[in-house]
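A closer look at the structure
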There are 2 protein chains.
Amino acid sequence: MSQNPVRIGLIGCGTVGGGVAKLLREQRELYVGRLGVPIEVARVLVRDPGKYGSNPHVSAELFTDDADAFFDTPDMPIVVEVAGGVGHISQYTRRALEQKKHVVTANKTLLAQEGPELFAMARGQGVSIAFEASCAGGIPIVNAILFGLSANHVDALYGILNGTSNYILTAMTRRGQSYAAALDEAQEKGFAEADPTMDVSGQDAAQKLAILASLAFNTRITGDRVHCRGIDKLDLADIGFGAELGYDIKLLAIAESDGGGEGISLRTEPCFIHKDQPLAQVLGSYNAMSVYGHAVGQTMYYGRGAGALPTASAVVADIINVASGWYPHAFGALNVWPDRHGVAQIADPDDLRSRFYLRINAKDMPGVLAKITAILGKAKISISGVSQHEYGAGRFVPLVLITDVAREGDLKRALAHIALLDVISGSPVCLRIVDLPSD
Amino acid sequence: MSQNPVRIGLIGCGTVGGGVAKLLREQRELYVGRLGVPIEVARVLVRDPGKYGSNPHVSAELFTDDADAFFDTPDMPIVVEVAGGVGHISQYTRRALEQKKHVVTANKTLLAQEGPELFAMARGQGVSIAFEASCAGGIPIVNAILFGLSANHVDALYGILNGTSNYILTAMTRRGQSYAAALDEAQEKGFAEADPTMDVSGQDAAQKLAILASLAFNTRITGDRVHCRGIDKLDLADIGFGAELGYDIKLLAIAESDGGGEGISLRTEPCFIHKDQPLAQVLGSYNAMSVYGHAVGQTMYYGRGAGALPTASAVVADIINVASGWYPHAFGALNVWPDRHGVAQIADPDDLRSRFYLRINAKDMPGVLAKITAILGKAKISISGVSQHEYGAGRFVPLVLITDVAREGDLKRALAHIALLDVISGSPVCLRIVDLPSD
């Protein structure tokens, strides 16, 4: 076995890139032991090389802001992109592929938008793209779907793919904090960014879901096809009422091959799940993904979805897998990447069939419940449970209803109708109850 | 891409083999889509071919009890061993390797005893052995350790690797059944065999742990090196007292790189873990494995550890991975299989340092606790909690003590001493409390 090191080019040296550099330096001997040859950083492309003069893991002279110099670096068969974003990063990725360099990337946004095109380009050039770090950080979920579960028709994915949201929901659920207070705390502790929109809106999770669902269902799905609803409008009252019924609230990224209607149902939204479900025990900033296969049944993968070293763990495993040659071999031999498949048919969100939790602020007076259930009944929505949580004759009090399985479009129309009643205050709250398959 | 099918030879056609045959027939098109070529059963070696005349998934004429005929089958580059056991099955495995056939196996007993020798033999012949199904059934944990977590020094494995035991413990914990009643129920429902010894003694889990720890720590470990203690002596009273303190009991298979003492600590035993730990939520016949890596932190893998289709899911994924060529490439290129490493240094079980739960049936009279704690104190074991659960002057009542971190050998000596006191009845009960690393 040759002792020549594998030399990588690094694009970006922020949190994740710094973690990669640290692992490669500190664990050099471990990786030599496993791969047979050392992995070395040949060049680092960053916006401001001056900032990295005292980086403890990479010599200052390896940093450059000159893309031409970076791509001219000789003997650099792998480019590792940990900068994030699209635009010029997409151009760098394409340039690496044009040069027949393998790409290891942590960039979910890029892959959720341009994945199939980039995979096809890599295939045409005889190289590969490895992207374990793009979804759920250190959890080897891409690997599990591609190589561990390939004997299965995947029925569904249910994931907690955004650590920021899960941290906030855990603080609300377990410590009774308001959304605003929990977000403040997450920002203070570094679990949320100054602008948390991508995280709390569900869009970050939607991008990861699009990538994983593409692999699980052997099809092409872009991030913008995922129906998104965030956690920023959640009320503590609903979390409490749900808990009384045995449910925990989670921001779930869901892909179901048969969620009702035609095509794959793709959604990211706050949902109630039974508190005995393993996913309900995923707390704080942890991530998890449940994959249901027709043969294997339920499997779940749990771990840190972000952070310098957990994400670098996935990036470096990809580097080892690419450098050893097995991943490029698999990339060429198996038809499990989305460039080999057509565009997915996505179900209309209104066609989703599910149970729902409803909270309606209704006047505490005779006949109100009858009015509400009459409207629901006309829409063919039956109710399996009702509870009124406060009493005050003539005042508005919260009325909680649990529906049987209903079509979401029908329910939305009925709720719009109910909201117009003069015995109702504000908009009804509607949250999906996900009955995870069990046995 | 060639349209020639990949032809496999199947050794054994019981529960797992039947599941493999079913998947290969029913999902033929799915696998053609992923692999590019069909997978076909070329020959099946069984003890009594007459039994399989009406097998719905394999033609009767493919069954044989003639090993020579089986191994003479032309164009059969992969042998899939799902018969289990050692002895002649080991001979068949060697014969396949001698013929330069790849081996896919679900045989934990064989690999836990002869793995390194078989891996070395495969390597010498230029073929590979894939064995995802040998550990934790359908959970792709071998794949995760070998290819997903390779950037990590693994610190520890904590697994629930025996579904029978977990089913029994769940029935005891959640439904208050006695061990005997829970075992009866497990046998009725097909979750336990008529002779449940391998499962409830911890030996089955020990074999799987030996294989997984070999991969995680890059070393050689045989199943007989794992310190085993079963669940068959567990008393409901201890489960109840533990629950009051916030703990659930689990049969854990544990490999720790630093459990105290020199070398790797390897154990399978009933342990208390905090009920908020994800492992505590693994119920019924499910399996799970937590892997702690120095970079990634805690990861966990959850799913069905046994059963026809979950296990066949892992076997067929291995067939796809071998047939596509990537797994053989990896097997040759990476040094992560135990034949490339030396024999592990195993820590003396007595050197384990942990907290412990103790129950001592002691006379309810002044001075008794002082006698017990004096003996423990002399052995340098300090107590962080004491509770007496019944009162009855002069009678024997259960006294529960929680120790601080102590060396197990010291504790055992002290308990032997305590058992001799005339104010004590029966043997003290001692269960490890595993404080899973968290952050």
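What you see is a predicted model; the values in this text were computed from it and never measured.

1. Points about the overall build of chain A
Looking only at helices and strands, chain A features 15 helices and 17 strands. Taking 2.2 N^0.38 as the reference for a compact globule, 439 residues should give roughly 22 Å; the C-alpha atoms of chain A span a radius of gyration of 24 Å, in line with that estimate. Projected onto its principal axes, the C-alpha positions of chain A cover 85 × 45 × 35 Å. Expressed as a percentage of the 439 residues in chain A, the buried residues total 54%. Of the contacts formed within chain A by residues at least 6 apart in sequence, a portion of 75% connects residues at least 24 apart.

2. Quick look at the domain arrangement of chain A
Much of the literature gives interface size as the accessible area that the parts lose upon coming together. All names here are of chain A. Each domain of chain A was delimited in the assignment, giving domain 1 (6–136 + 310–340), domain 2 (141–305) and domain 3 (352–433). Of all the secondary structure elements, the ones that give two or more residues to the side of domain 2 that touches domain 3 are helix H11 (236–244) and strand E10 (265–274). Top contributing element to the side of domain 2 that touches domain 3 by residue count: E10, with five residues. For the side of domain 2 that touches domain 3, the per-class residue count stands at six nonpolar, four polar and three charged.

3. Concerning the sheet that holds strand E4 (residues 78–81) of chain B
Residue and element names in this part refer to chain B. Read across the sheet, six strands follow the order E3-E2-E1-E4-E5-E6 without closing on themselves; strand pairing throughout is parallel. Every other strand in the sheet has two partners, leaving strand E3 (63–64) and strand E6 (129–130) as the edge strands with one partner each. Pairing between strand E1 (residues 6–11) and E4: four bridges, direction parallel. Bridge assignment links Leu10 to a residue of E4, and that residue is Val80.

4. Focus: the relation of the copies chain A and chain B
Take chain A, turn it by 180 degrees, move it 0.0 Å along the axis, and it overlays chain B with an RMSD of 0.0 Å. The relationship between the two copies is best expressed as a two-fold rotation axis. A shared interface surface links the copies, since 100% of the contact residues of chain A are contact residues in chain B too.

5. Some details on unusual backbone geometry
Note on backbone geometry: most residues besides glycine have negative phi, and most peptide bonds are trans. Residues and elements named next belong to chain A. We note that Asp75 has phi near 50 degrees; this positive angle belongs to a residue other than glycine. The class of Asp75 is exposed, set by 10 C-beta atoms lying within 10 Å. Phi is positive for Lys380, close to 65 degrees, though the residue is something other than glycine. As for its position among the elements, Lys380 is in the loop between helix H14 (368–378) and strand E14 (383–388). The exposed category is assigned to Lys380, around which 12 C-beta atoms lie within 10 Å.

6. Considerations on the sheet that holds strand E2 (residues 39–45) of chain A
Spatial ordering of the open sheet is given by E3-E2-E1-E4-E5-E6 (chain A), a layout of six strands whose pairing is parallel. If you trace the sheet from one side to the other, it starts and ends with strand E3 (63–64) and strand E6 (129–130) of chain A, each paired once.

7. Considering the confidence of the model for chain A
The predicted coordinates of low-pLDDT regions are not to be read in fine detail. The predicted model of chain A averages 95 in pLDDT, with 99% of residues at 70 or higher. What the predictor reports for the complex is a pTM of 0.97 with an ipTM of 0.96.

8. Things to note about the nonpolar core
Soluble globular proteins tend to bury their nonpolar side chains together. If you look at the biggest cluster of nonpolar residues, it comprises 305 residues, and the most contacted ones within it are Val315 of chain A together with Leu157, Leu209 and Val315 of chain B. Setting aside residues up to four positions removed in sequence, Val315 of chain B forms contacts with Val16, Val20, Val80, Val82, Val104, Ala106 and Ala133 of chain B.

9. Looking at helix H15 (residues 408–419) of chain A
One turn of the α-helix equals 3.6 residues, which is why residues spaced by three or four share an orientation. All names here are of chain A. The end-to-end C-alpha distance of H15, which contains twelve residues, comes to 16 Å, matching closely the 16 Å that a straight helix rising 1.5 Å per residue would cover. Here H15 has its buried residues at Glu408, Leu411, Ala414, Leu415 and Ile418. Mapping the buried residues of H15 onto a view down its axis gives an arc of 125 degrees, with all of them on the same face. Along its buried surface, H15 packs onto strand E13 (353–363), H14, strand E15 (396–403), strand E16 (406–407) and strand E17 (424–433).

10. Quick look at helix H13 (residues 326–333) of chain B
Taken together, the buried positions of H13 of chain B are occupied by Trp326, Tyr327, Pro328, Ala330 and Phe331 of chain B. Residues of H13 of chain B that are buried in the fold lie against helix H13 (326–333) of chain A together with strand E5 (102–105), E6 and helix H12 (308–323) of chain B.

11. Thoughts on the pairing of strand E2 (residues 39–45) of chain B
Residues and elements named next belong to chain B. Of all seven residues in E2, five are buried; the element is thus mostly enclosed. Across six bridges, E1 lies against E2 in parallel orientation. The residue bridging Arg7 from the neighbouring strand is Glu40, located in E2. Two elements, E2 and E3, share two bridges in a ladder whose sense is parallel. The partner of Leu45 across the bridge, within E3, is Thr64.

12. Structural notes on the interface of chain A and chain B
Each partner contributes to the interface: chain A provides 49 residues, whereas chain B provides 49 residues. Residue classes in the side of chain A that touches chain B are distributed as 26 nonpolar, 21 polar and two charged. Across three bridges, the pairing between strand E12 (residues 297–304) of chain A and strand E12 (residues 297–304) of chain B is antiparallel. When the sheet's bridge partners are listed, Met300 of chain A is paired in E12 of chain B with Tyr302 of chain B.

13. So, the pairing of E17 of chain A
Residue and element names in this part refer to chain A. The pairing of E10 with E17 spans two bridges and is classified as parallel. From the neighbouring strand, Phe272 faces E17, where its bridge partner is Ile433. As paired strands, E13 and E17 are joined by seven bridges and run antiparallel to one another. Bridge assignment links Tyr357 to a residue of E17, and that residue is Leu431.

14. With respect to the packing of helix H5 (residues 108–125) of chain A against helix H10 (residues 203–217) of chain A
Residues and elements named next belong to chain A. At their nearest, the axes of H5 and H10 sit 8 Å apart, and the two run at 50 degrees to each other. Comparing the axis directions of H5 and H10 gives the class oblique. Crossing of H5 against H10: the hand is left-handed. Between H5 and H10, the residues in contact are Lys108, Thr109, Leu111, Ala112 and Gly115 and Gln207, Lys208, Ala210, Ile211 and Ser214, respectively. Here the residues of the contact of H5 with H10 sort into four nonpolar, four polar and two charged.

Quick notes on the rules
- Along every chain, residues carry numbers that run from 1 in the direction the sequence is written.
- Chain letters and ligand numbers both follow the written order, the letters beginning at A and the numbers at 1.
- Local features in a predicted model are, by the rule used here, given only for residues with pLDDT of at least 70; side-chain atom pairs are given and counted only at 80 or more, and totals for whole chains, interfaces and linings are based on all residues.
- Runs of H or I in DSSP of at least four residues are treated as helices and runs of E of at least two as strands, each being numbered from the N terminus.
- We compute the radius of gyration over the C-alpha atoms and compare it with the globule rule, which gives 2.2 Å times the number of residues raised to the power 0.38.
- Backbone-placed C-beta atoms define the burial measure: a residue is buried with 20 or more other C-beta atoms within 10 Å of its own, exposed with 12 or fewer, and partly exposed in between.
- C-beta atoms are placed from the backbone for every residue, and two residues are taken to be in contact when these atoms lie within 7 Å.
- Here the bounds of each domain stem from an automatic or database domain assignment.
- We call Asp, Glu, Lys and Arg charged. Ala, Val, Leu, Ile, Met, Phe, Trp, Tyr, Cys and Pro are nonpolar, and the rest, Gly among them, are polar.
- Pairing between two strands requires that DSSP report at least two bridges joining them.
- To line up the copies, we fit them by least squares on C-alpha atoms, keeping just the residues with pLDDT of at least 70 in both.
- The pLDDT score gives, residue by residue, the confidence of the prediction method on a 0 to 100 scale.
- Throughout this description, the term nonpolar core refers to a group of buried Ala, Val, Leu, Ile, Met, Phe, Trp, Tyr and Cys residues whose C-beta atoms join them within 7 Å.
- The length a helix should cover is 1.5 Å for every residue beyond the first.
- The arc under discussion is defined with respect to the helix axis, by the directions toward the C-beta atoms.
- Comment: axis = line fitted to C-alpha atoms, over the contacting stretch for helices; angle = value between 0 and 180 degrees taken between N-to-C directions.
- Note on terminology: angles under 35 degrees are roughly parallel, angles over 145 are roughly antiparallel, angles of 65 to 115 are roughly perpendicular, and the others are oblique.
- Crossing handedness follows the turn of the near helix against the far one: under a right angle anticlockwise gives a left-handed crossing, and clockwise gives a right-handed one.

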